[in-house]
Amino acid sequence: QVQLVESGGGWVQPGGSLRLSCAASGRIFNIYAMAWYRQGPEKPRELVAAITYLGDSNYADSVKGRFTISRDNAKNTVYLQMNSLIPEDTAVYYCKADLSVVTGGGVSPYWGQGTQVTVSS
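Residues numbered from 1 in each chain as written. Predicted model: local features only at pLDDT ≥ 70, side-chain atom pairs only at ≥ 80, totals over all residues. Heavy atoms only, no water.

### Remarks on the sheet that holds strand β1 (residues 2–7)
Part 1 of the reasoning: On the basis of which strands lie adjacent, the open sheet formed by 4 strands has the order β1-β3-β8-β7 and antiparallel pairing. In this open sheet, the two strands that pair with only one neighbour each are β1 and β7 (67–72). Along the sheet, successive strands turn relative to each other by an average axial angle of 15°, direction set aside.
Part 2 of the reasoning: Relative to strand β3 (residues 18–26), β1 runs antiparallel, the two sharing 6 bridges. When the sheet's bridge partners are listed, V5 is paired in β3 with A23. (Pairing = 2+ DSSP bridges. Helix = DSSP H or I, 4+ residues; strand = E, 2+ residues; numbered from the N terminus. Axes fitted to C-alpha atoms, helices over the stretch in contact; angles between N-to-C directions.)

Pasting the structure below:
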């Protein structure tokens with residue numbers, strides 16, 4: 001009924017940049033908050049950045065000043081620009097959207113399948 005598809009992951013050397021995208025599709029009525037999470041090897045999933053429908057954002061302390069979250073509401077898409085990447089950023093990155101569907105039922109969280117980001121030399 002609803003799909004979130006991430007893209008843009010890959011391998012990059014320390015100091016490099018990547019841009020992740022996550023597009024939501026399906027019988028969507030409205031998308032509220034969108035966010036990026038990540039899960040490193042043998043680590044719990046953690047919030048990286050989140051953004052409201054109006055564009056207010058917040059970040060994990062570990063990525064402040066390096067990552068930027070943005071969204072295009074017309075395209076139901078959220079982005080994560082990652083600069084000055086370090087090995088500790090290596091993880092599977094997941095997008096999450098709090099949304100409602102046209103058939104009703106309130107607001108529920110939906111997750112993408114994840115995209116691998118590897119930072120190494």
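### Digging into the pattern of salt bridges
Part 1 of the reasoning: Tallied over the full model, the rule gives 5 salt bridges.
Part 2 of the reasoning: The residue R38 makes a salt bridge to D89 at a minimum N-O spacing of 2.9 Å. Taken as a pair, R38 in strand β4 (residues 28–39) and D89 in the loop between β8 (77–82) and β9 (91–101) lie far apart in primary sequence, 51 residues in all. Assigned by exposure class, R38 and D89 land together as buried. (Salt bridge = Lys/Arg side-chain N within 4 Å of Asp/Glu carboxyl O. Buried < 20%, exposed > 50% of the residue type's maximum accessible area, 1.4 Å probe, protein only.)

### Focus on the pairing of strand β10 (residues 108–111)
Part 1 of the reasoning: Pairing of β9 with β10, which is carried by 4 bridges, proceeds in the antiparallel orientation. Counterpart to D98 in the pairing with β10 is P109.
Part 2 of the reasoning: Between β9 and the antiparallel strand that follows it, β10, lie 6 residues; G104 among them carries a positive phi value of about 90°.

### Some words on unusual backbone geometry
What you tend to see is this: most non-glycine residues have negative phi, and most peptide bonds are trans.
Part 1 of the reasoning: Phi angles above zero are rare outside glycine, and E42 is one such case at about 55°.
Part 2 of the reasoning: You can call E42 exposed: its relative accessible area is 87%.
Part 3 of the reasoning: A positive phi angle is found at N76, which is not glycine, with a value near 50°.
Part 4 of the reasoning: Turning to its location among the elements, N76 is positioned in the loop between β7 and β8.
Part 5 of the reasoning: Residue N76 is classed as partly exposed on the basis of its relative accessible area, which comes to 24%.

### Comments concerning the state of the cysteines
Part 1 of the reasoning: Taken as a whole and judged by the stated rule, the model has 1 disulfide.
Part 2 of the reasoning: Shown here is the disulfide that connects C22 with C95, its sulfur atoms set 1.9 Å apart. Within this pair, whereas C22 is found in strand β3, its partner C95 is found in strand β9, the two being separated by 73 residues in sequence.
Part 3 of the reasoning: Relative accessible area serves as the criterion here: at 1%, C22 is assigned to the buried category.
Part 4 of the reasoning: Residue C95 is classed as buried on the basis of its relative accessible area of 0%. (Disulfide = S-S within 2.5 Å.)

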